[in-house]
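# Descriptive structure summary
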Amino acid sequence: QVQLVESGGGLVQTGGSLRLSCAAEETNRRYAMGWFRQAPGKEREFVAAISWAGTTTYYADSAKGRFTISRDNAKNTMYLQMSDLKPEDTALYYCAARGFSDTAYTTTTSYEYWGRGTQVIVSS
């Protein structure tokens with residue numbers, strides 16, 4: 001079991017920026033990680049994903065050009081830098097991990113472990 005803890009959410013105005021962090025417990029496994037989000041009344045959707053080495057990244061169309069995913073394996077932490085935020089980015093943001101992997105994944109079913117989420121609210 002990999003414990004994941006998100007942080008960095010908050011209230012921001014349209015056009016603002018936030019950086020989310022996901023801290024994972026130390027593990028010797030190589031694991032892929034990703035960010036997903038869920039708005040009220042909607043299904044959880046993919047935002048961005050990154051491979052263990054950071055060499056492979058994927059983004060949802062809604063995130064391209066505005067969000068950047070990264071990771072620091074020495075700190076067991078993944079980040080999501082979000083800029084030019086819009087009201088439609090308002091959601092609970094979750095990080096996810098999948099062990100024993102060298103690639104990245106874009107579907108919720110690909111991940112084994114999930115954090116509890118951090119709330120992002122973008123005011124208009």
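This text follows the structure it describes.
Every chain is numbered independently, its residues counted from 1 as its sequence is written. Two thresholds apply to this predicted model, a pLDDT of at least 70 for residue-level local features and 80 or more for giving and counting side-chain atom pairs, whereas whole-chain, interface and lining totals are computed over all residues. Hydrogens and waters are ignored; side-chain quantities use all the structure's heavy atoms.

## Considering the overall build of the chain
Helix numbers and strand numbers start at the N terminus; a helix is a DSSP run of H or I with at least 4 residues, a strand a run of E with at least 2. Regarding its fold elements, the chain presents 0 helices and 11 strands. Listed by position from the N terminus, the elements making up the chain come as β-β-β-β-β-β-β-β-β-β-β. A compact globule built from 124 residues would reach a C-alpha radius of gyration of about 14 Å, and the chain, at 13 Å, matches this within 12%. Burial analysis of the chain (124 residues in total) assigns 47% to the buried set. By definition, residues are in contact when any of their heavy atoms lie within 4.5 Å. Within the chain, residue pairs in contact and separated by at least 24 positions form 60% of the contacts whose partners lie at least 6 positions apart. Of the roughly 6,400 Å² of accessible surface on the chain, a fraction of 45% belongs to carbon and sulfur atoms. His is not counted here, nor are the chain ends, while Lys and Arg score as positive and Asp and Glu score as negative. All charge positions are set by atom: Lys at NZ, Arg at CZ, Asp at CG, Glu at CD. A distance of 1 Å separates the average location of the 13 positive side-chain charges in the chain from that of its 12 negative side-chain charges. Both definitions apply: the radius of gyration is a C-alpha atom measure, and the globule rule equals 2.2 Å times residues to the power 0.38. Three labels apply to residues, based on accessible area from a 1.4 Å probe with only protein chains included: buried if under 20% of the type maximum, exposed if over 50%, partly exposed otherwise in between. The accessible surface values rely on the Shrake-Rupley method and a 1.4 Å probe; as for residues, cover is taken only from the protein chains in view.

## Observations regarding the pattern of salt bridges
What makes a salt bridge here is a side-chain nitrogen of Lys or Arg within 4 Å of a carboxyl oxygen of Asp or Glu, nothing more. Scanning the model with the defined rule gives 5 salt bridges in all. The salt bridge partner of Asp 61 is Lys 64, with a shortest N-O separation of 3.2 Å. The residue Arg 66 makes a salt bridge to Asp 89 at a minimum N-O spacing of 2.7 Å. Note that Arg 66 is positioned in the loop between β6 (57-59) and β7 (67-72) and Asp 89 in the loop between β8 (77-82) and β9 (91-99), a separation of 23 residues in sequence. Three or more residues joined by partner-sharing salt bridges are found here, namely Arg 37, Glu 45, Arg 66 and Asp 89.

## Concerning the pairing of strand β3 (residues 18-24)
In summary, the side chains of a regular strand alternate between the two faces of the sheet. Burial within β3 is extensive, with 5 of its 7 residues counted as buried. One ladder, built from 6 bridges, connects β3 with β8; its direction is antiparallel. Opposite Arg 19, over in β8, you have Gln 81 as the bridge partner. Paired strands are those between which DSSP finds at least two bridges.

## A short note on the state of the cysteines
The term disulfide is used for any two cysteine sulfur atoms that are within 2.5 Å. Taken as a whole, this structure holds 1 disulfide when the rule is applied. A disulfide bridge connects Cys 22 with Cys 95, and the sulfur atoms are separated by 2.0 Å. Between Cys 22 and Cys 95, the S-S torsion sits near 50°, and that sign places the bridge as right-handed. One end of the pair, Cys 22, is in strand β3; the other, Cys 95, is in strand β9, with 73 residues separating them in the sequence. For the pair shown, Cys 22 and Cys 95 are each scored as buried.

From the geometry alone we can't say anything about function, so treat these as descriptive.
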